[in-house]
2 protein chains.
Amino acid sequence: MKRTIFIFTILIVAILTLFQLSKYTIISGDTKIEMIIGVIAIVFFVIGVYMNKRSLHRKRLPEGSIDHKKIKELGLSKRECEVLNQIATGRSNQEIAEKLFVSESTVKTHVSNILMKLDVKRRTQAVQKAKELQIIAF
Amino acid sequence: MKRTIFIFTILIVAILTLFQLSKYTIISGDTKIEMIIGVIAIVFFVIGVYMNKRSLHRKRLPEGSIDHKKIKELGLSKRECEVLNQIATGRSNQEIAEKLFVSESTVKTHVSNILMKLDVKRRTQAVQKAKELQIIAF
DNA sequence: GTGTATTTGGTACTTTAGTATGAGTTCTTT
DNA sequence: AAAGAACTCATACTAAAGTACCAAATACAC
């Protein structure tokens, strides 16, 4: 949020400077008007492209925001959600165990519970359903 | 492609018109230079936003269409792609076999080849990678 | 502090997934 | 028609994944 304010401040300053500059140059009369207009056009075009990109990014990334209501409905615990996300990245039980510093048995228990709660039979289906329900960040 | 040329033509015409208009108005001397610059700035800002949106849309929406080049690069056959899509829906080898009217052995062979070509070890990873490479419709 | 839910872990077992190898069939390309 | 790629299927095997059942440590609310 601080960065946004910072960027906007710089932007406004830049715009005002451009305005002043253009006025000043016109009065002195030794620069062609086309040049100034060209510069302004390019600058604002770039600004337009840049700001649009930023706003679109902001909309895309927070799709990572998860449906916490549905998670509660399904009764998924924190740990189970972690495991579910690990499954979604394509990791094996063994790899998940190493990543979360627990035994493979524990992971298997979690996986079993996840499959039950999501009402599916395989981990691949779990990933599919989790995506549909938007309870994972993918 | 035709539409792109059409849009660009209109754009260039609009820009030239603006230039001429600005020059004309300055000569007549009864409009303030700030107004003209402001209009140009706004117009080019809008153009920037619009064009950026279009180019981004072109990249995002046809994600439903698959990267056929990459499929060829990887050497994936038609059947293998079908199996890959089935895997992505969370189906088991047995279920895929029934869906495609072949034996489970055949499916296993396909899956093995897919894993090799995608350079992964598990079907869950294959789904993950296939999504990244945009070779499945998900 | 008592009870409930979570997290952890184990054993034993069944099922599914994946590998390796070989081979017959179909389809296309030259 | 011959070569090569793609598709098919089988057997035998190893490796994961998943189930069932149990149990202890921890956390947390009441």
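One numbering rule holds for all chains: residues counted from 1, following each sequence as written. Note on labels: chains are lettered from A, ligands numbered from 1, in written order. It should be noted that, the model being predicted, local features are given only for residues of pLDDT at least 70 and side-chain atom pairs only at 80 or more, the latter also being counted only at that level, while totals for whole chains, interfaces and linings use all residues. The side-chain figures draw on all heavy atoms in the structure; neither hydrogens nor water molecules are used.

Chemist: Talk me through the confidence of the model for chain A; I want residue IDs and the actual numbers.
Modeler: Residue and element names in this part refer to chain A. Confidence scores per residue from the predictor, reported as pLDDT, run from 0 to 100. Averaged over every residue, the pLDDT of chain A is 75; residues scoring 70 or more account for 57%. Within chain A, the lowest mean pLDDT, 58, falls on helix 1 (residues 2–28), and the highest, 92, falls on helix 6 (residues 104–118). Residues are treated as being in contact if the distance between any of their heavy atoms lies within 4.5 Å. Contacts from residues 1–6, a stretch scored under 50 in pLDDT, to residues over four places away or in other chains number two contacts. Counted against residues more than four places away or in other chains, residues 58–63, with its pLDDT under 50, gives four contacts. Secondary structure follows DSSP: runs of H or I at least 4 residues long count as helices, runs of E at least 2 residues long count as strands, and numbering of each begins at the N terminus.

Chemist: Explain the pattern of salt bridges to me, and be specific about the residues and the numbers.
Modeler: Any carboxyl oxygen of Asp or Glu that lies within 4 Å of a side-chain nitrogen of Lys or Arg is treated as forming a salt bridge with it. The final tally for this structure, using the stated rule, is six salt bridges over all chains. Between A:Arg79 and A:Glu82 there is a salt bridge whose closest N-O contact spans 3.2 Å. With A:Arg79 and A:Glu82 both in helix 4 (residues 78–88), this residue pair falls three residues apart, about one helical turn. Here B:Arg122 ties to A:Glu95 by a salt bridge, and the two come within 2.8 Å at their closest N and O atoms. With B:Arg122 in the loop between helix 6 (104–118) and helix 7 (123–132) and A:Glu95 in helix 5 (residues 93–100), the pair connects residues from two separate chains. For every residue, the accessible area obtained with a 1.4 Å probe (protein chains only) is divided by the maximum for its type, and the residue is called buried under 20%, exposed over 50%, and partly exposed between those limits. What makes B:Arg122 partly exposed here is its relative accessible area of 22%. What makes A:Glu95 partly exposed here is its relative accessible area of 31%.

Chemist: Tell me about the protein's contact with DNA strand C, residues and numbers included.
Modeler: Taken together, 18 residues lie around DNA strand C, and A:Ser77, A:Ser103, B:Lys108, B:Ser112 and B:Arg123 are the ones closest in. For this purpose, a residue is taken to be near a molecule or strand whenever a single non-hydrogen atom of the residue falls within 4 Å of it. The contact atoms of DNA strand C, taken as those within 4 Å of the protein, divide so that sugar and phosphate hold 71%. Within the backbone of A:Ser103, an N or O atom sits 2.8 Å from a phosphate oxygen of DNA strand C. Those elements that provide at least two residues to the surface near DNA strand C are helix 4 and helix 6 of chain A together with helix 6 of chain B. Any pair of N or O atoms that falls within 3.5 Å is considered a polar contact. Within protein, one atom must be able to donate a hydrogen and the other to accept it, and sequence-neighbouring residues count only if both atoms are side-chain atoms.

Chemist: Give me the protein's contact with DNA strand D: which residues, what numbers.
Modeler: Taken together, 18 residues form the shell around DNA strand D, and within it A:Lys108, A:Ser112, A:Arg123, B:Ser77 and B:Ser103 come nearest. When the atoms of DNA strand D within 4 Å of the protein are grouped by moiety, sugar and phosphate amount to 66% of the total. In this structure, B:Arg79 approaches DNA strand D through a side-chain N or O atom, which is 2.9 Å from a phosphate oxygen. Put simply, the parts of the chain that give the surface near DNA strand D at least two residues each are helix 6 of chain A together with helix 4 (78–88) and helix 6 of chain B. Residues are grouped as follows: Ala, Val, Leu, Ile, Met, Phe, Trp, Tyr, Cys and Pro are nonpolar; Asp, Glu, Lys and Arg are charged; all remaining types, including Gly, are polar. Grouping the amino acids of the surface near DNA strand D by side-chain chemistry returns three nonpolar, nine polar and six charged.

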